[in-house]
Amino acid sequence: MLLDGKAFSEKVKSQLKNKVDKLRKNGIVPALAVIIVGDDPASKIYVKNKKKACEEIGIYSAEYAFKSDITQEELLEFISDLNGNKEIHGILTQLPLPKHIDPLIVAESISPAKDVDCFNEINIGKISSGRAKIFPCTPAGIIELLKENNIKIEGKACTIVGRSNIVGKPLSLMLLNENATITVCHSKTENLKAFCKQADILISAVGRPGLITEDMVKEDSIVVDVGINRLSSGKLCGDVDFDKIIGKAKFITPVPGGVGPMTIAMLMKNLVILAEEFTKR
Ligand code: NAD
């Protein structure tokens with residue numbers, strides 16, 4: 001069966017719209033600042049989709065586009081101004097950034113109270129201590145999608161392929177908080193197949209088409225494909241051999257239409273939470 005992230009993300013967004021309406025009635029217009037540096041075509045599409053989701057639910061979004069030769073200092077100064085702007089509740093910088101700008105330094109420069117992507121070390125640390133109010137969007141989207149489909153996480157063997165700071169690592173912590181047993185694989189893992197094959201829930205977040213083949217998947221398992229790859233034909237696909245695995249797995253996410261829309265819905269959720277928290281200050 002398909003884990004339909006597109007349909008569920010629409011449901012999440014309509015629930016969020018009610019919250020946004022309530023905030024607006026109380027004089028708060030939830031607002032997101034989106035910073036884009038350079039002219040990477042994929043980044044432009046991601047930014048466009050995020051702004052569209054904002055519009056759908058009544059969040060104000062402001063886009064700040066900079067040429068790729070902006071210095072790190074100039075960018076940090078701009079973010080510092082946004083940190084102090086009371087009309088803005090969330091700030092994100094679209095990745096990737098040009099090579100001369102360190103994404104970790106940029107993430108640290110965004111105030112934890114406006115860190116809508118949840119990349120700041122303080123917010124990541126709160127996940128570890130169980131005190132988090134917001135979560136990184138892709139891992140949060142995966143967990144909500146599993147729960148919506150009544151997929152039990154507690155006690156299950158979860159294998160995550162990929163250990164990036166934005167997907168694999170935070171997801172491992174969040175699934176651990178859900179009482180799953182976690183294995184994290186990466187580019188140096190020996191015998192990837194054995195770790196994948198033991199998984200009740202297998203999540204691939206690598207960015208390599210065809211990495212996860214049918215023989216690596218346990219019968220009746222849950223397969224979540226985070227990868228987004230564009231083939232030379234122009235077609236989008238994930239990391240998983242979808243056509244073969246759909247007959248073997250109990251549930252599988254499609255690409256597109258699985259994790260991607262959930263990621264954007266969770267971004268909106270984080271923004272609403274940050275705006276609500278702002279009203280309490
Ligand atoms: P990344 O490049 O930062 O990390 C990739 C990870 O894969 C690394 O940890 C690396 O060790 C691991 N890896 C590389 N080759 C491997 C191999 N042969 N076997 C096992 N592990 C291997 O990537 P990222 O930012 O985490 O993104 C991963 C993929 O997910 C990309 O395709 C990206 O476009 C996609 N993505 C999708 C969403 C979404 O919303 N659907 C969100 C974020 C990322």
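This structure is a prediction, so every number in the text was calculated from the model and none was measured. Here the residue numbering is sequential within each chain, running from 1 through the sequence in written order. At least 70 in pLDDT is required for a residue's local features to be given in this predicted model, at least 80 for side-chain atom pairs to be given and counted, and no such filter applies to totals for whole chains, interfaces and linings, which use all residues. Where side-chain values are given, they derive from all heavy atoms of the structure, hydrogens and water being excluded.

K.L.:
Which residues make up the overall build of the protein, and what values do they have?
P.N.:
Each helix and strand in the protein was counted, giving 10 helices and 10 strands. A globule of 281 residues ought to have a C-alpha radius of gyration of about 19 Å, and the protein, at 19 Å, matches this closely. Its C-alpha atoms put the protein at 50 × 40 × 35 Å along the principal axes. Each residue is assigned to one of three classes by its accessible area relative to the maximum for its type, calculated with a 1.4 Å probe on protein chains only: buried under 20%, partly exposed between the two thresholds, exposed over 50%. Every one of the 281 residues in the protein was classed for burial, and the buried ones make up 46%. Any two residues whose heavy atoms approach within 4.5 Å at even a single point are treated as in contact. Restricting the contact set of the protein to residue pairs at least 6 apart, pairs at least 24 apart contribute 70%. For this count, His and the chain ends are skipped, Lys and Arg are scored as positive, and Asp and Glu as negative. Charge positions come from single atoms, namely NZ of Lys, CZ of Arg, CG of Asp or CD of Glu. Side chains of the protein give 38 positive and 35 negative charges; the mean places of these two sets differ by 4 Å. In this text, helices come from DSSP runs of H or I with a minimum length of four residues, and strands from runs of E with a minimum of two, each type numbered from the N-terminal end. As defined in this context, the radius of gyration uses C-alpha atoms, and a globule is described by 2.2 Å times the residue total to the power 0.38.

K.L.:
Now, about the packing of helix α6 (residues 137-148) against helix α7 (residues 168-177): what can you tell me, with residues and values included?
P.N.:
Interaxial angles span 0 to 180 degrees and are taken between N-to-C directions of axes, which are lines fitted to C-alpha atoms, for helices over the stretch in contact. Where α6 contacts α7, the axes come no closer than 8 Å and their chain directions differ by 40°. As the angle between them shows, α6 and α7 are arranged oblique. Considering only the axes of α6 and α7, their crossing is right-handed. For the pair α6 and α7, the contacting residues are Pro-139, Ala-140, Ile-142 and Ile-143 in the first and Pro-170, Leu-171, Met-174 and Leu-175 in the second. By residue class, the composition of the contact of α6 with α7 is 8 nonpolar, no polar and no charged. Relative orientations are named as follows: roughly parallel for angles under 35 degrees, roughly antiparallel for angles over 145 degrees, roughly perpendicular for angles from 65 to 115 degrees, and oblique for any other angle. By the definition used in this description, the sense in which the near helix is turned from the far one sets the handedness, with an anticlockwise turn below a right angle giving left-handed and a clockwise turn giving right-handed. Following the grouping adopted for this structure description, the nonpolar residues are Ala, Val, Leu, Ile, Met, Phe, Trp, Tyr, Cys and Pro, the charged ones are Asp, Glu, Lys and Arg, and the polar ones are all others, Gly among them.

K.L.:
Requested: an account of the sheet that holds strand β1 (residues 31-37), with residues and values cited.
P.N.:
The pairing of strands in a sheet happens through backbone hydrogen bonds and is either parallel or antiparallel. A pair of strands is considered paired only if DSSP assigns at least 2 bridges between the two. Pairing is parallel across the open sheet formed by 3 strands, whose spatial order is β2-β1-β3. The sheet is open, and its two edges are formed by β2 (60-66) and β3 (90-93), each paired on a single side. Here the strands of the sheet are splayed against their neighbours by 15° on average, with no regard to which way each runs. When β1 meets β2, the two strands line up parallel, connected through 7 bridges. Paired with Ile-35 across the two strands is Tyr-64, which belongs to β2. Each of β1, β2 and β3 touches helix α2 (residues 41-57); the most contacted strand, β1, lies at about 170° to it.

K.L.:
Please set out the packing of α2 against helix α10 (residues 259-280) residue by residue, giving values where relevant.
P.N.:
One can describe the packing of α2 onto α10 by two numbers: an axis separation of 10 Å at closest approach and a directional angle of 55°. Between α2 and α10, the interaxial angle falls into the category oblique. The handedness of the crossing between α2 and α10 comes out as right-handed. On α10, the residues touching Asn-49, Lys-50, Ala-53, Cys-54 and Ile-57 of α2 are Ile-264, Leu-267 and Met-268. Among the residues making up the contact of α2 with α10, the classes are represented as 6 nonpolar, 1 polar and 1 charged.

K.L.:
Lay out the site of the ligand with the relevant residues and their values.
P.N.:
One heavy atom within 4 Å of a molecule or strand is enough for the residue carrying it to be called near that molecule or strand. Taken together, 21 residues form the shell around the ligand, and within it Arg-163, Ser-164, Ser-187, Ile-228 and Thr-263 come nearest. A 3.5 Å cut-off defines polar contacts: any pair of N or O atoms within that distance qualifies, except that in protein one atom must be a possible hydrogen donor and the other a possible acceptor, and neighbouring residues in sequence count only when both atoms are side-chain atoms. A distance of 3.0 Å separates an oxygen atom of the ligand from a polar backbone atom of Ser-187. Per-residue and other accessible areas follow the Shrake-Rupley method at a 1.4 Å probe size, with only the shown protein chains counted as cover for residues. The protein chains hide 72% of the 860 Å² of surface that the ligand would expose on its own. For the shell around the ligand, the element with the highest residue contribution is α10, accounting for 3 residues. Residues of the shell around the ligand, tallied by class, amount to 10 nonpolar, 9 polar and 2 charged.

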